[in-house]
Amino acid sequence: MTSTPQPPQGPAPTANAMRRALKRARDGVALDVAESAVLLQARGADLEDLCASAARVRDAGLEAAGRPGVITYSKSVFIPLTRLCRDKCHYCTFVTVPGKLRRAGEGMFMSPDEVLAIARRGAELGCKEALITLGDKPEDRWPEAREWLDAHGYDDTIAYVRAVSIRILEETGLLPHLNPGAMSWTDFQRLKPVSASMGMMLETTAERLWSEPGGPHHGSPDKEPAVRLRVLEDAGRSSVPFTSGLLIGIGETYEERAESLFALRRVSRAYHGIQELIMQNFRAKPDTAMRGMPDAELDDLVATVAVARHIMGPAACLQAPPNLVAGEYARLIGAGIDDWGGVSPVTPDHVNPERPWPQIDELAAQSAAAGFRLQERLAVYPEFVQRGEPWLDPRVLPHVRALADPDTGLANERAEVKGLPWQEPEDVFVPSGRTELHRAIDTEGRTADRRDDFDDVYGDWEALREAAAPGMVPERIDADVREALRQAADDPTRLTDLQALALLHADGPALDALCRVADDLRRDVTGDDVTYIVTRNINFTNVCYTGCRFCAFAQRRTDADAYTLSLEQVADRAAQAWDVGAVEVCMQGGIHPDLPGTAYFDIARAVKERVPGMHVHAFSPMEIVNGATRTGMSVREWLAAAKEAGLDTIPGTAAEILDDEVRWVLTKGKLPAATWIEVVRTAHELGIRSSSTMMYGHVDQPRHWLGHFRRLVEIQRETGGFTEFVTLPFIHTNAPVYLAGISRPGPTMRDNRAVTAMARLLLHPHITNIQTSWVKLGAEGAAEMLRSGANDLGGTLMEETISRMAGSSYGSYRSVRDLVAIAEAAGRPARARTTLYGEVPEERQAAALASDGHLPELLPVLED
């Protein structure tokens, strides 16, 4: 039997404490953790008082949602895809071991035929949800699971979940709701295109229940509270409608339970992505380590539901499983639930097999007795059905709409449940919007400085302000700047972190000295030539729902400034660039929800077919992950296919700051730092070189810059794949994070000089080319960076949309003469280069000079 101790509860709350907390709940005053812990212990008349106020909060939410007096449920089938798991939860009977499965004549995973048989039976009976539940990453623990996946052609369990989900959609019409356990950010990208919603119970944030021997989660890596909270946040960042909740009575204290509820509230407010919360009561089961633990009492569950309602507020959807309360439906309704969860006429509750589902007619009668009408919903809640993009992937949206009531977002109970093709949207590359970028964007379209969904689409600004605060605090640097300067001049590779931070904070004469040291090193390493490249930027679409808070480029498809280029228009732009001497096109775009993962191959191929000699420098790591997850390919497979289609090198954009503390303030849904690093390393291993970048001057500090530089050096030591480092000063003018009052208004000139100089010193001798951005700094600013350690001016660009929409006033084109003039202002000669810093053929140089300064009218150019 488990040694899990009873929770170390303190003394019962005093009568005065209970009265105060109840009054605050009645008055609608926000509760804190201590008050919530008191209310969790309400019993008798106090509990009735608590439930009455919670029910009023629930009723107000239902009224506001347009469904007063309605309690919902989902008609579903339960598909236990595999009962193998790498975790060892002490209360679980769902999980088993390979030997038991073999003795029972069962496979390590359900076969597709077994899954589809259940789903088809459900469809025949009007079910609309396929709840796919399984153990966490069983292949990491069980060789038998790994062997099964290998034998059936799947890289991992997530790949099989994806494949099965597609077949369910296509062959039965049921909507997959996926519960594969603790998922990574990349897992969410892989599964979002094949599911209506996903879920994972938080259970508890009490770390001791995971870390201490004998605890219910001890030995279960996926039950670490920090891991599970990260999953909830990644779901929100990925715009996935997500179900979570608590498992009460497993040894947590009332304070710990309250803290868990507040953790759920924090995530819900930050991302607006939690569609429902389940309050589930522990039930001891035979043949488990916790079989001797007492069941959670009904009063405990009722109080938890009521407190959760007060904490989460009227808009929250709260559920309690009806098969775990022995018919006490009225008490749960009275406590503030508004949903009964999934109820199946086909399959048992495989997690609680001893507790059969109630009949739907009985559930309707019990709800009616409490004054509520039972109504069917889909796996995805009506609010998310009505929100549509970006919460529902375009590949799944037709399946959801086929089953939804268009007016309410609830289930259309008369809808025929039948399979529909799961496919990429058709006609993706139809030119749309303001593709005459040089004339229309910024002069027509938008008339305000922010989108009309500004307060919602980026998450909760107040929560972000709190998250950003620690990173904005300046540091006290005690290191000797003079000693740091001597070390930098002698051997910059031996600069300590404290010395580097001292130099990153340098100002006045110390900053001047730092820039001289960096410029001397630049002269020794790359000589006096200032390099530049004749290139054209092609931003093929700005439709994007990722939710980057620093970006003014991204538009919804219905926004006035939204556009998408056709493949022909992309190729036309490349051909025009070749005609005027370009050696490279740099192509990046928004994460368009309709864009299939293979579209990037089509873009590269279109350019190479039209202009075989053009170097294709394209697709950020974010776009690469998007392409890979949408195709079901690994990043390595996708990059290899892109290379075959014509991709030569990739831009190292989407890095921003390689520190997730900063990244998750800057962006809602962009890839984590570790994933960026994985993509870049993989590209380098395949012989696809990249640039490296850093965007700075927003919610960051010099310590973040230092960490970023150190990580780039680590990668370069391993791969040697970076061609250059590009400084990207933050353009604040139209950036949402600035308009919300969170970020700084971009870097100062001091910041720019320090970053450029320290890039030269800290990246030495691994990354030898340091590029400054005339687009963001202008000619004078770029010349100053050339005196501070930079040796490259980047490209002519010809057409630059991203910085311009952010508010840059320095234009989208610089002629060769302009770039030469910037170099001369810094007292240096200039010469053209290729993407890989090689010599430019004479024919290309002649074409560039012949057209310099008078590009064809067809090229979109925005003059200063």
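So, here is what we can say about the structure in this document. (Residues numbered from 1 in each chain as written. Predicted model: local features only at pLDDT ≥ 70, side-chain atom pairs only at ≥ 80, totals over all residues. Heavy atoms only, no water.)

1. Section: the overall build of the chain
Right, on to step 1. Looking only at helices and strands, the chain features 34 helices and 20 strands.
Right, on to step 2. A compact globule built from 864 residues would reach a C-alpha radius of gyration of about 29 Å, and the chain, at 29 Å, matches this within 12%.
Right, on to step 3. Overall size of the chain, expressed as C-alpha extent along the three principal axes, is 85 × 60 × 55 Å.
Right, on to step 4. Every one of the 864 residues in the chain was classed for burial, and the buried ones make up 62%. (Helix = DSSP H or I, 4+ residues; strand = E, 2+ residues; numbered from the N terminus. Rg over C-alpha atoms; globule rule 2.2 N^0.38 Å. Buried < 20%, exposed > 50% of the residue type's maximum accessible area, 1.4 Å probe, protein only.)

2. Overview of helix α31 (residues 774-786)
Note: α-helices contain 3.6 residues per turn, so residues at a spacing of three or four share the same orientation.
Right, on to step 1. Taking 1.5 Å of rise per residue, the 13 residues of α31 would be expected to cover 18 Å, yet its terminal C-alpha atoms sit only 11 Å apart, more than 12% below that figure.
Right, on to step 2. Glu 780 marks where α31 bends most, by close to 85°.
Right, on to step 3. Burial of α31 is extensive: 10 of the 13 residues sit out of reach of the surface.
Right, on to step 4. Along α31, the residues that are buried comprise Trp 774, Val 775, Lys 776, Leu 777, Gly 778, Gly 781, Ala 782, Ala 783, Met 785 and Leu 786. (Expected span 1.5 Å × (residues − 1). Bend = angle between axes of the 7 residues up to and from the residue.)

3. As for the packing of helix α3 (residues 45-65) against helix α12 (residues 298-312)
Right, on to step 1. With their axes 9 Å apart at the nearest point, α3 and α12 run at an angle of 40° to one another. Put simply, α3 runs oblique to α12. Where α3 crosses over α12, the two elements pack in a sense that is left-handed. Of α12, the residues touching α3 (which contributes Leu 47, Leu 50, Cys 51, Ser 53, Ala 54, Val 57 and Arg 58) are Asp 299, Val 302, Ala 303, Ala 306, Val 307, Arg 309 and His 310.
Right, on to step 2. Counted by class, the contact of α3 with α12 contains 9 nonpolar, 2 polar and 3 charged residues. (Axes fitted to C-alpha atoms, helices over the stretch in contact; angles between N-to-C directions. Parallel < 35°, antiparallel > 145°, perpendicular 65-115°, else oblique. Left-handed = near helix turned anticlockwise from the far one by under 90°. Contact = heavy atoms within 4.5 Å. Nonpolar A, V, L, I, M, F, W, Y, C, P; charged D, E, K, R; others polar.)

4. A word on the pattern of salt bridges
Right, on to step 1. What the rule picks out here adds up to 59 salt bridges.
Right, on to step 2. Arg 283 is the partner of Asp 295 in a salt bridge, and the nearest nitrogen-oxygen pair spans 3.2 Å. One end of the pair, Asp 295, is in the loop between β6 (274-281) and α12; the other, Arg 283, is in the loop between β6 and α12, and 12 residues separate them in sequence.
Right, on to step 3. Residue class for Asp 295 comes out partly exposed when judged on its relative accessible area of 31%.
Right, on to step 4. The exposure class of Arg 283 is buried, given its relative accessible area of 15%.
Right, on to step 5. Of the charged contacts, one joins Arg 833 and Asp 792 as a salt bridge, the two residues approaching to 2.7 Å between their closest N and O atoms. Within this pair, whereas Arg 833 is found in the loop between β20 (830-832) and α34 (842-851), its partner Asp 792 is found in strand β19 (residues 792-795), the two being separated by 41 residues in sequence. Asp 792 carries the same exposure label as Arg 833, and that label is buried. (Salt bridge = Lys/Arg side-chain N within 4 Å of Asp/Glu carboxyl O.)

5. Brief notes about the side chain of Asp 338
Right, on to step 1. Mapping Asp 338 onto the fold places it in the loop between α13 (329-335) and β8 (339-343).
Right, on to step 2. Accessibility expressed as a relative area gives 4% for Asp 338, which makes it buried.
Right, on to step 3. Sequence-distant contacts of Asp 338, defined by excluding residues within four places in its chain, comprise Arg 58, Leu 62, Val 70, Ile 71, Thr 72, Arg 309, Ala 316, Cys 317 and Leu 318.

6. What about the packing of aromatic side chains?
Right, on to step 1. Overall, the coordinates contain 17 aromatic pairs when judged by the stated rule.
Right, on to step 2. Aromatic side chains Tyr 154 and Tyr 160 sit 4.9 Å apart centroid to centroid with 50° between the ring planes, which places their arrangement in the tilted category.
Right, on to step 3. Aromatic side chains Tyr 458 and Trp 461 sit 5.6 Å apart centroid to centroid with 40° between the ring planes, which places their arrangement in the tilted category.
Right, on to step 4. Overall, Tyr 458 belongs to the buried group, its relative accessible area being 4%.
Right, on to step 5. Using a relative accessible area of 9% as the deciding quantity, one classes Trp 461 as buried.
Right, on to step 6. Among the aromatic side chains, those forming a connected cluster through ring pairs are Phe 540, Tyr 600, Phe 601, Phe 619 and Trp 638.
Right, on to step 7. For Arg 387, the ring lying beneath its charged end belongs to Trp 391, and the centroid distance is 5.2 Å.
Right, on to step 8. Its end group placed over the ring of Trp 578, Arg 844 keeps NZ or CZ at 3.6 Å from the ring centre. (Phe/Tyr/Trp six-rings, centres within 6.5 Å; stacked < 30°, edge-to-face > 60°. Lys NZ or Arg CZ within 6 Å of the ring centre and 35° of its normal.)

7. Some remarks on the pairing of strand β1 (residues 70-82)
Right, on to step 1. Summarising burial for β1: 13 of the 13 residues are buried, a large majority.
Right, on to step 2. Bridge count for β1 against strand β9 (residues 373-377) is 5 bridges, and the pairing is parallel. The residue of β9 that forms the bridge with Ile 71 is Leu 374.
Right, on to step 3. Two elements, β1 and β8, share 3 bridges in a ladder whose sense is parallel. Its bridge partner being in β8, Lys 75 is matched across the sheet by Val 343.
Right, on to step 4. In this structure, β1 lies alongside strand β2 (residues 129-134), joined through 6 bridges in parallel fashion. Residue pairing for β2: Phe 78 is matched across the bridge by Leu 131. (Pairing = 2+ DSSP bridges.)

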